[in-house]
Amino acid sequence: MLGATAHAQDLELAYSPILTIDQERLLTETNLGTEIARELEARAEALASENRRIEAELIAEERALTEKRKTMSAAEFRPLAEAFDEKVQRIRAEQDAKERDLARAREEQRARFVQRIVPLLGQLAAERGAVAILDRRVVFLAAESIDITDEAIARINAALARDDAGAADAQSGPEGGAAGDAANGVSGAAPEAGAPEASDGGSK
């Protein structure tokens, strides 16, 4: 009886029309996701450091203007004050644009990440007999047995490591990798036929 129960649980784990996944864990626990996060964090820290430097420079310049004001007439000082205000507004616009560029880069990197792992998730879904993979955050209640996050992380890390190793071998080889891939029938561009399409779901 115990063996039959275990077998039933195995079947439940292997086949389900609906699967769930934790997208945030894919981003934070896969090697590719952590690499992307480190790159974006470095860019964000560089921008924050630049903002702090600019702020300190503007504060020092404003103090210098305040000292000059003591020895200048209002008519003489006005052009300097206006030029400083224009400079502050220009710098603020430039830094705001950099913030928007960083936010856009974050979304683009996330989209590329999802696009790259879609074939692997499609294979997992096909193996489980699933027709959809849902983000755990949009599911009110679900059995733990249909969550494939751990398996997906392991498979993504293994598959992308193989891809990177193959790319390195192709670059070091005399004829590049295109011919070798064709000969070996290697293709990771699309999910298996019949596998469900993945979506970014509630990732934004």
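Residues numbered from 1 in each chain as written. Predicted model: local features only at pLDDT ≥ 70, side-chain atom pairs only at ≥ 80, totals over all residues. Heavy atoms only, no water.

> It is not clear to me how the overall build of the protein should be interpreted in this structure. Could you clarify?
A tally of helices and strands in the protein yields six helices and two strands. The order of helices and strands in the protein, counted from the N terminus, is α-β-α-α-α-β-α-α. Considering only contacts within the protein whose residues lie at least 6 apart along the sequence, 86% involve residues at least 24 apart. Of the accessible surface of the protein, which amounts to about 13500 Å², a share of 54% is contributed by carbon and sulfur atoms. (Helix = DSSP H or I, 4+ residues; strand = E, 2+ residues; numbered from the N terminus. Contact = heavy atoms within 4.5 Å. Areas by Shrake-Rupley, 256 points an atom, 1.4 Å probe, with all protein chains shown as cover.)

> Where do I start with the pattern of salt bridges in this structure?
Scanning the model with the defined rule gives 18 salt bridges in all. Look at the salt bridges and you will find they share partners, linking Glu24, Arg110, Asp135 and Arg137 into a network. (Salt bridge = Lys/Arg side-chain N within 4 Å of Asp/Glu carboxyl O.)

> Can you walk me through the environment of Phe84 in this structure?
On the secondary structure map, Phe84 appears in helix α4 (residues 74-128). It is 8.5 Å that separates the C-alpha atoms of Phe84 and Glu61, two residues lying 23 residues apart in sequence.

> How do you make sense of the nonpolar core when you look at a structure like this?
Leu26 and Phe113 are the most contacted members of the largest nonpolar core, which has 26 residues in total. For this core, the secondary-structure elements that each account for two or more residues are β1 (18-21), α2 (23-29), α3 (31-69), α4 and α5 (149-172). Broken down by element, the residue count for this core peaks at ten residues, all from α4. If sequence neighbours within four positions are ignored, Phe113 has contacts with Leu26, Leu27, Thr30, Leu32, Gly33 and Ile36. In this structure, Leu65, Phe84, Val88 and Ile91 belong to the second largest nonpolar core, which totals seven residues. (Core = buried A, V, L, I, M, F, W, Y, C linked by side-chain atoms within 4.5 Å. Buried < 20%, exposed > 50% of the residue type's maximum accessible area, 1.4 Å probe, protein only.)

> Sorry, what's going on with the packing of α3 against α4 here?
Between α3 and α4, the least distance of the axes is 11 Å, while the angle of their chain directions is 175°. What the angle tells us is that α3 and α4 run roughly antiparallel. Counted by class, the contact of α3 with α4 contains 17 nonpolar, four polar and twelve charged residues. (Axes fitted to C-alpha atoms, helices over the stretch in contact; angles between N-to-C directions. Parallel < 35°, antiparallel > 145°, perpendicular 65-115°, else oblique. Nonpolar A, V, L, I, M, F, W, Y, C, P; charged D, E, K, R; others polar.)

> Is there a simple way to think about a nonpolar patch on the surface in this case?
Taken together, the side chains of Ile18, Val131, Leu134 and Val138 make up a nonpolar region of the molecular surface, amounting to roughly 330 Å² of accessible area. The topology assignment puts Leu134 in strand β2 (residues 132-135). (Patch = residues over 30% accessible without salt bridge, like charges linked within 9 Å, V, L, I, M, F, W, Y side chains within 5 Å.)

> Honestly, the confidence of the model for the protein in this entry has me stumped. Any pointers?
Regions with low pLDDT carry predicted coordinates that are not meant to be interpreted in detail. Scored by pLDDT, the protein comes out at a mean of 81, with 76% of its residues at no less than 70. In the model of the protein, helix α1 (residues 2-14) stands out as the element of lowest mean pLDDT, 42, in contrast to α3, which has the highest, 96. Below pLDDT 50 for its whole length, residues 1-13 participates in four contacts with residues either more than four positions away or in separate chains. Contacts from residues 199-204, a stretch scored under 50 in pLDDT, to residues over four places away or in other chains number 13 contacts. (pLDDT = per-residue confidence, 0-100.)

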